[in-house]
Amino acid sequence: MSLKFWKPGTTGPGSSLDRDTEVEGNVVQSAPAYTSLSVQSQRERLPIFKHREKLLYCVEKYGVTIVVGQTGCGKTTQLPQYLMEAGWASDGNVIACTQPRRVAATSVAGRVASEVGTTLGDEVGYTIRFEDVSDKQKTRILYMTDGMLFRETLVDPLLSRYSVIMIDEAHERSVYTDLLLGVLKKIRRKRPSLRLIVSSATLDATSFLEYFTASMPEDEATIVSLEGRLYPVEVAYLKEPVADYTRKAAELSLDINLKQGPGDILVFLTGREEIENCLEYLSDMLPTVPRNATRLVPLALHAGLTTEEQLAVFEPAERGTRKLIVSTNIAEASVTIEGIKFVVDSGFVKIRVYNPTTALASLATVPTSKASATQRAGRAGRTSPGICYRLYPHEAFEALPPTTPPEVTRTDLTTPILQLKSLGIDNLMKFEWVSAPPAESVLRALEGLFAAEMIGEDGRLTAVGQKVAECPVEMAIARMLFKSKEYQCGEEVLTIAAMTAVQDAFVIRDGAQGALDELERRKFTAEEGDHLTLLNAYNAFTRYGRSSSWCKNHALSFRAMSRAVSIRGQLKKYMQRFNLPIESCQGDAKRLRRCLVSGYWRNGAKWVGDGTFRSVRGNKVLYAHPTSVLFTRKPRSGWVIFHEIEETKKTQIRVITEIESDWLIEQGHRYEGKGSGSVGSTEQ
DNA sequence: GAGCACTGC
């Protein structure tokens, strides 16, 4: 089970290290400096304190300050406090700091509130969807999700209550981060007093600098680099590429356990299936492990687990044991586990890619970027020096792309473009993207918006388009909320809209329990398909007192169901604001399904004899997702609409409802081109 | 008979 690693740079193949040595003799390269500091008290401010005056000077002098500092160097917690002390929050001004994720916004706000010595929600607060723990008068430092701040621009286009806006974790390049940067650049032209801080953990921050200085004066923007306390992480590479990194990861973990000192191990793989395989290899190999070895406690970590299962990875390892966490990318940025000393990096990640030509999203397994590999390695050095083992050769690392392409270049732009138009940015050619999306994606989105009557032939928003842009749901869902007036089923469509927004309402466990869960789920099954099944589940949830134990007994996720209740409440307010009646269809499922088609009319499919479907647009072979009630059943009419489509190994459709083919024709098939498998031509 | 990287409003 010996693994070949070699030292890059100074020694290559053929050197003294190029032999079948064990891992421990071969971990070498001094890593770039990884920051491990987490600032918890006033006393620990030092690492960025020495930059304090420089930072404040830069914010004062330049419109845009780009701050580069590793995760945990204190920029997120300390910088807003310095700005407040320096007077940037006086005269009712607010300092905003955006985060790509909800948990980050809430937890950072909590920490800063206690550092400042205030109650959370007073001087320091946070705003995320469904939770506004801030005070319009008192709050000076406001942490928020970037989506939330972007939404605020729809109401206050100049974001006038803020004196400084810090866009944190900008290197992650979420769609909303990119949209915000574009809008903020525009806002700064009209309001030059607004100070912008773009904070990034990677050195590609120069691209942000170029972005802001491209069409502005040279002294508009500057970069400040921060340092933190460092724990070195050594990086080792495989000499040869491996065919099966999942097995190699298992072997290496056992090897580390035998030969290295204490410290937990974190393995990065791409998905649930690989994680389960890796854990299986491990249990197969365990009999070969010497009896005196440290006991390894293997733990899986991925988003599909329940909260309780996820919490297990944070429990400290028992005395004399070592945790082995086999994780997806969730542990790269979303979740931080202390005590990791060894990282094993497969070098791969699954990302969602959008193909604008086919309008299909797919989940692809691709090599990570250099930035991502660095971030993963850094997970070994948070509490002490560590080692990162990359399961690929050094040359392969050199060949990696520097960063992952920003999300805006690989996603469906329908919603972002609708929102930009709502902001009055009609000429998309003039919008200054940080990274321009493919022209094809923009065209595809415009075409979809036109077909759905959200924009007119002049490219401007229609009256309904303006309203739909304000609704925090996908266009198709918003469209059926508006059409529900016609079909008199607002009550039910509202619920379905909320249920499709939360994913994984049903919790089907593995193994024998899964069969029982399956039986529970059948109690909610509606003949017509998944949308009505979701409606049944929601109604039952509210009828039985919204209880957590009831959910447990009926294979439902309490967390998901509670979220659906919140979302429904929020959407109901939008409907009331737009004077849309909230009437019940009184059990008339036909009317309700016709209303569903008004949103999903472009997502039609026809059942063919072999159990698969063909898409109305493009005549593509589609498979029902195994979680669908139509997975095994033939729809009587032969026609369905679906909520989602995704390519993995097969092209699958999820959340499916049976319809009549002429309902599709009612809803504007006129927009579809000839020869693309129109309803008429596929009908027998 | 069989499956889901991660977010966000």
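Where an unreviewed UniProt entry is consulted, chain A appears under the name P-loop containing nucleoside triphosphate hydrolase protein, with the organism given as Marasmius tenuissimus.

(A) Region of interest: the protein's contact with DNA strand B. Contacts to DNA strand B come from 28 residues, most closely from R102, A303, K350, F631 and T648. Taking the atoms of DNA strand B that fall within 4 Å of the protein, sugar and phosphate contribute 62% of them. A distance of 2.3 Å is found between a phosphate oxygen of DNA strand B and a backbone nitrogen or oxygen belonging to R102. For DNA strand B, a phosphate oxygen lies 2.7 Å from a polar atom in the side chain of K350. At the level of elements, α5 (146-155) and β16 (348-355) are the ones that each hand at least two residues to the surface near DNA strand B. Considered class by class, the residues forming the surface near DNA strand B number ten nonpolar, ten polar and eight charged.

(B) Quick look at unusual backbone geometry. Of note, the phi angle at D504 is positive, near 60°, even though the residue is not glycine. Along the chain, D504 turns up in the loop between α17 (490-501) and α18 (511-522). Within the chain, Q586 stands out as a residue other than glycine whose phi angle is a positive 55°. Checked against the element boundaries, Q586 lands in the loop between α21 (558-577) and α22 (589-600).

(C) Looking closely at the sheet that holds strand β4 (residues 94-99). Ordered in space as β6-β5-β7-β4-β8-β9-β3-β10, the eight strands form an open sheet in which the pairing is mixed. Of all the strands in the sheet, the pair left with one neighbour each is β6 (131-133) and β10 (221-225). If you compare each strand with its neighbour and ignore which way they point, the axes differ by 20° on average. As paired elements, β4 and strand β7 (residues 141-145) share five bridges and run parallel to each other. In the strand pairing of β7, I95 is matched with I141. Against the sheet, helix α2 (residues 52-61) contacts β3 (64-68), β9 (195-200) and β10, and its axis sits at roughly 170° relative to β10. The strands that helix α7 (residues 205-213) touches are β3, β9 and β10; relative to β10, the one it contacts most, it runs at about 160°.

(D) Broad picture of the packing of aromatic side chains. Within the structure shown, the criterion is met by twelve aromatic pairs. Between F506 and F524, the ring centres sit 6.1 Å apart and the planes meet at 45°, which makes this aromatic pair tilted. Of the two residues, F506 is situated in the loop between α17 and α18 and F524 in the loop between α18 and α19 (530-543); the sequence distance between them amounts to 18 residues. For F506, a relative accessible area of 17% gives the class buried. Geometrically, the ring pair formed by F541 and W550 is tilted, given 6.4 Å between the ring centres and 45° between the ring planes. Just as F541 is buried, W550 falls in that class too.

(E) Inspection of the pattern of salt bridges at higher detail. According to the stated counting rule, one finds 32 salt bridges in the structure shown. One salt bridge in this structure joins D588 and R591, with 3.5 Å as the shortest N-O distance. A residue is classified by how much of its surface remains accessible, and D588, at 29% relative accessible area, is partly exposed. Relative accessible area serves as the criterion here: at 24%, R591 is assigned to the partly exposed category. The salt bridge involving R654 is made with E644; its shortest N-O contact spans 3.9 Å. Here R654 is found in strand β23 (residues 651-659), whereas its partner E644 is found in strand β22 (residues 639-647), with ten residues between them in sequence. Under the relative-accessibility criterion, R654 is labelled partly exposed at 30%. Each of R352, E644, E646 and R654 takes part in salt bridges that share partners, so that together they form one network.

(F) The environment of H531, seen in detail. Relative to the elements of secondary structure, H531 occurs in helix α19. The exposure class assigned to H531 is buried, which follows from its relative accessible area of 0%. When the C-alpha atoms of H531 and I656 are compared, they prove to be 6.8 Å apart, with 125 residues separating the residues in sequence. Discounting chain neighbours no more than four positions away, the residues touching H531 are I496, T500, L596, Y600, I641, H643, V655, I656 and T657. Reaching out from H531, the side chain makes a polar contact with the side chain of T657 at a distance of 2.7 Å.

(G) Layout of α2. Along α2, the residues that are buried comprise R52, L55, L56, C58 and V59. Buried residues of α2, seen end-on, are gathered within an arc of 160° and therefore sit on one face of the element.

(H) Structural view of the pairing of strand β11 (residues 233-238). The element β11 is largely enclosed, with a buried count of five among its six residues. One ladder, built from five bridges, connects β11 with strand β18 (residues 386-390); its direction is parallel. Across the sheet, residue E234 finds its bridge partner in β18, namely I387.

(I) Broad picture of the packing of α2 against helix α3 (residues 75-85). Running from amino to carboxyl end, α2 crosses α3 at an angle of 70°, the nearest separation of the two axes being 11 Å. If you check the angle between α2 and α3, you find them roughly perpendicular. Note that α2 runs across α3; the crossing there is right-handed. Between α2, through R52, L55, L56 and V59, and α3, the contact on the second element is made entirely by L79, Y82, L83 and E85. A breakdown of the residues in the contact of α2 with α3 according to their chemical character gives six nonpolar, no polar and two charged.

Cut-offs and rules
- Residues numbered from 1 in each chain as written.
- Chains lettered and ligands numbered in written order.
- Predicted model: local features only at pLDDT ≥ 70, side-chain atom pairs only at ≥ 80, totals over all residues.
- Heavy atoms only, no water.
- Near = heavy atom within 4 Å.
- Polar contact = N/O pair within 3.5 Å; in protein donor to acceptor, adjacent residues only side chain to side chain.
- Helix = DSSP H or I, 4+ residues; strand = E, 2+ residues; numbered from the N terminus.
- Nonpolar A, V, L, I, M, F, W, Y, C, P; charged D, E, K, R; others polar.
- Pairing = 2+ DSSP bridges.
- Axes fitted to C-alpha atoms, helices over the stretch in contact; angles between N-to-C directions.
- Contact = heavy atoms within 4.5 Å.
- Phe/Tyr/Trp six-rings, centres within 6.5 Å; stacked < 30°, edge-to-face > 60°.
- Buried < 20%, exposed > 50% of the residue type's maximum accessible area, 1.4 Å probe, protein only.
- Salt bridge = Lys/Arg side-chain N within 4 Å of Asp/Glu carboxyl O.
- Arc of directions from axis to C-beta.
- Parallel < 35°, antiparallel > 145°, perpendicular 65-115°, else oblique.
- Left-handed = near helix turned anticlockwise from the far one by under 90°.

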